[in-house]
Amino acid sequence: MAPVNDMDMLAHRPAAAQPAAAASVRQRIEVRDITKVFPLHGEDLVAVEKVSFSIREGEFVALLGPSGCGKSTILNMIAGLITITGGAAYLDGRSVAYGKVDPQVGYVFQRDTVFPWRTVRRNIGYGLELSRLAKAEREARVLEVIRQAGLKGFEDAYPLALSGGMRQRVALMRTLIMQPQILLMDEPFGALDTHTKLEMHKFLLEIWEHERQTVLFVTHDLSEALTLSDRIILLSARPGRLKEDFEVPFPRPRDAIRLRESREYSELFAKVWHSLGDEFAKTKAE
Amino acid sequence: MSKGTFINVCRFGLLLVLLAIWEWGWDLRKHVSWIVPTLLDPYFISKPSLIWTRFLEMGCFANTRGDWLINIDGTFMKCVYAGKGSLWTHTLATLKNTFWGFLVGVGSGIGVGMLLGRSEMLAKIFEPYIVAFNSLPRVALVPLIIIMFGLGDVSKIVTALTLVFFVVFFNTFEGTRGVDRDHINAARFLGANAWQVTWTIYVPSALAWVFASLTPAVSFALIGVIVGEFIGSERGLGKVIIEAEATLQTADMMVALFVLMVIGVVLVLGVREVQRRLLRWQRHHAETF
Ligand SMILES: Nc1ncnc2c1ncn2[C@@H]1O[C@H](COP(=O)(O)OP(=O)(O)O)[C@@H](O)[C@H]1O
Ligand SMILES: [Mg+2]
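Not measured: the values here are computed from a predicted model. (Residues numbered from 1 in each chain as written. Chains lettered and ligands numbered in written order. Predicted model: local features only at pLDDT ≥ 70, side-chain atom pairs only at ≥ 80, totals over all residues. Heavy atoms only, no water.)

This brings us to the sheet that holds strand S4 (residues 86-91) of chain A. Residue and element names in this part refer to chain A. Spatial strand order, S2-S1-S4-S5: 4 strands in an open sheet with antiparallel pairing. Taken across any chain shown, the strands that pair with only one partner, and hence form the sheet edges, are strand S2 (43-56) and strand S5 (94-95). Pairing of strand S1 (residues 27-40) with S2 involves 10 bridges; the strand directions are antiparallel. Directly across from Val37, in S2, lies its bridge partner Val46. (Pairing = 2+ DSSP bridges. Helix = DSSP H or I, 4+ residues; strand = E, 2+ residues; numbered from the N terminus.)

So this is what it looks like as structure tokens:
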């Protein structure tokens, strides 16, 4: 594990400079004027309206906004799970087609999607099993991942016997073992209690800071976004429009707990909160 | 005495009481006629001792004089295959037809159920036909089935199949339609192609539903075969029962009924055991594990 970094040093260090957005930097995810309209009881419900952003190789971006503002909808359009009403989404410059699943994309769902009929071992090994990887190698990799996820002793347990946090770790590892270069996550820790959530943040940071996948992480939880991401894309209340784009310059490796005690964190929290608060108010006013 | 032992003692006691009433109840009529209903007449229900004797004879364990046949070289086998057949050949015929009716009915029920469960279009097209055919009392079809397939085994298998198919079909259909979309999407992101999604997601998710239909399906298969044998057949336990009715041999009938009861119980327990093993992941199965 990476050494725990000293937050006190933060005060004396300028915010880590972001690499210049030069033309040579690969844009792994891009959406341009993306719009989604749902037909609802004969009327059109505009869920997302003309949202544009792009995400660089190795960047961890949080998509933040109040519930119902269209975060999942945007993610699902990028993933090809639903049709795009207007605009376009690109993965590595290639336009996303509905119904086509990109093999280099990993998707972690908001809902618990661990397969209840498979043991922990066979859930995590699912993708490798499909890819016909030799059994010995598969078993070895699965066991390594199980150890990493702190699930030792539960290899042959069925998901119904696990806690929510453990199940979400299985879901995460089941995706990560396939080594996707692009990770789409839809409030993966939304259903967990605060303590378990923090544990999961530590766990995810540890993995990500080592692997550096390109991540688009959907959440309505500001502290989660600040803890994990390099950048926060803030959406307005429905219809979801791009509201603001915040850099999150905290150095890495990060310590999920100690980060929250730093002054920089509180300042940025207040700044984003101010902007986010307006949107929450709008949701309530409806 | 623990609660479990107590229950078992009561069960066994009840069995003894019932058998005693059955065996000697009618004799009480000489002394206290008003308390003994006419239905206890051995003419209607025979007697345990008589049934036991007939069981030994029909099963080729003993001859009519009460000599034990098992000990005499070759006589047992000769009796089993003699004349119009013994209890063994009849039982075997019923079992064989039940097995095939069950197997083909379950197979086609699962196949068609999964197909229609996955295709909204096909489901819509076939719905009226399925509903109409299923509303027809299957027993009413048996004479037609016998005309079409003859008095042999095939007509019994077809009768069982028409009953089994629908139970399994409806359950598989519901189970397939109820598959979690997110499970399918998760599988696709992990690299599953259409075929793999079917095998690794649809089949295991629908399995619980399919299994729920297998216990009634076993009983239906047996019902189908027996009814087929009633209406026209060369052998089988249903045939034994119908013949016993014609000749007023209630003891023979009771023997066939008890064999059927044992077959029914064994088959249902067998299905439950398979179910318990394959659905281990479900909580209530996991607990009894
Ligand atoms: N399939 C759908 N049909 C109709 N409306 C939908 C559908 N999916 C989402 N919506 C609506 O679109 C809006 C955005 O939904 P969603 O993207 O799930 O929000 P978020 O993930 O930000 O909470 C919501 O108002 C929701 O009710
Ligand atoms: Mg959502």
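Moving on: the site of ligand 1. All names here are of chain A. Taken together, Phe38, Leu40, Leu45, Ala47, Ser67, Gly68, Cys69, Gly70, Lys71, Ser72, Thr73 and Arg238 form the complete shell of residues around ligand 1. Between Lys71 and ligand 1, the recorded distance is 2.8 Å, taken from a backbone N or O atom to an oxygen atom. Between an oxygen atom of ligand 1 and a side-chain N or O atom of Ser72, the distance comes to 2.6 Å. Against a free-state accessible area of 560 Å², the protein chains account for coverage of 65% of ligand 1. Of all the elements in the fold, those that place two or more residues in the shell around ligand 1 are S1, S2 and helix H1 (71-79). Of all the elements, H1 adds the most residues to the shell around ligand 1, at 3 residues. Within the shell around ligand 1, the residues separate by chemical class into 5 nonpolar, 5 polar and 2 charged. (Near = heavy atom within 4 Å. Polar contact = N/O pair within 3.5 Å; in protein donor to acceptor, adjacent residues only side chain to side chain. Areas by Shrake-Rupley, 256 points an atom, 1.4 Å probe, with all protein chains shown as cover. Nonpolar A, V, L, I, M, F, W, Y, C, P; charged D, E, K, R; others polar.)

The next thing to look at is the nonpolar core. Residue and element names in this part refer to chain A. By size, the foremost hydrophobic cluster in this structure holds 34 residues, and its most contacted members are Ile124, Leu151, Leu172, Met173, Met185, Leu204 and Phe217. Among the elements of the structure, helix H2 (120-124), helix H4 (135-148), helix H5 (164-176), strand S7 (182-186), helix H6 (194-211) and strand S8 (214-219) are those that each provide at least two residues to this core. Not counting residues within four places of it along the chain, the set of residues in contact with Phe217 comprises Phe60, Val61, Ala62, Leu63, Met185, Pro188, Phe189, Leu204, Glu224 and Leu228. (Core = buried A, V, L, I, M, F, W, Y, C linked by side-chain atoms within 4.5 Å. Buried < 20%, exposed > 50% of the residue type's maximum accessible area, 1.4 Å probe, protein only. Contact = heavy atoms within 4.5 Å.)

Okay, the confidence of the model for chain B next. Residue and element names in this part refer to chain B. With 97% of its residues at a pLDDT of at least 70, chain B reaches an overall mean of 90. Within chain B, the element-level pLDDT minimum falls on helix H13 (residues 283-287), averaging 50, and the maximum on helix H5 (residues 87-118), averaging 95. Counted against residues more than four places away or in other chains, residues 285-289, with its pLDDT under 50, gives 8 contacts. Here the predicted complex carries an ipTM of 0.83, next to a pTM of 0.78. (pLDDT = per-residue confidence, 0-100.)

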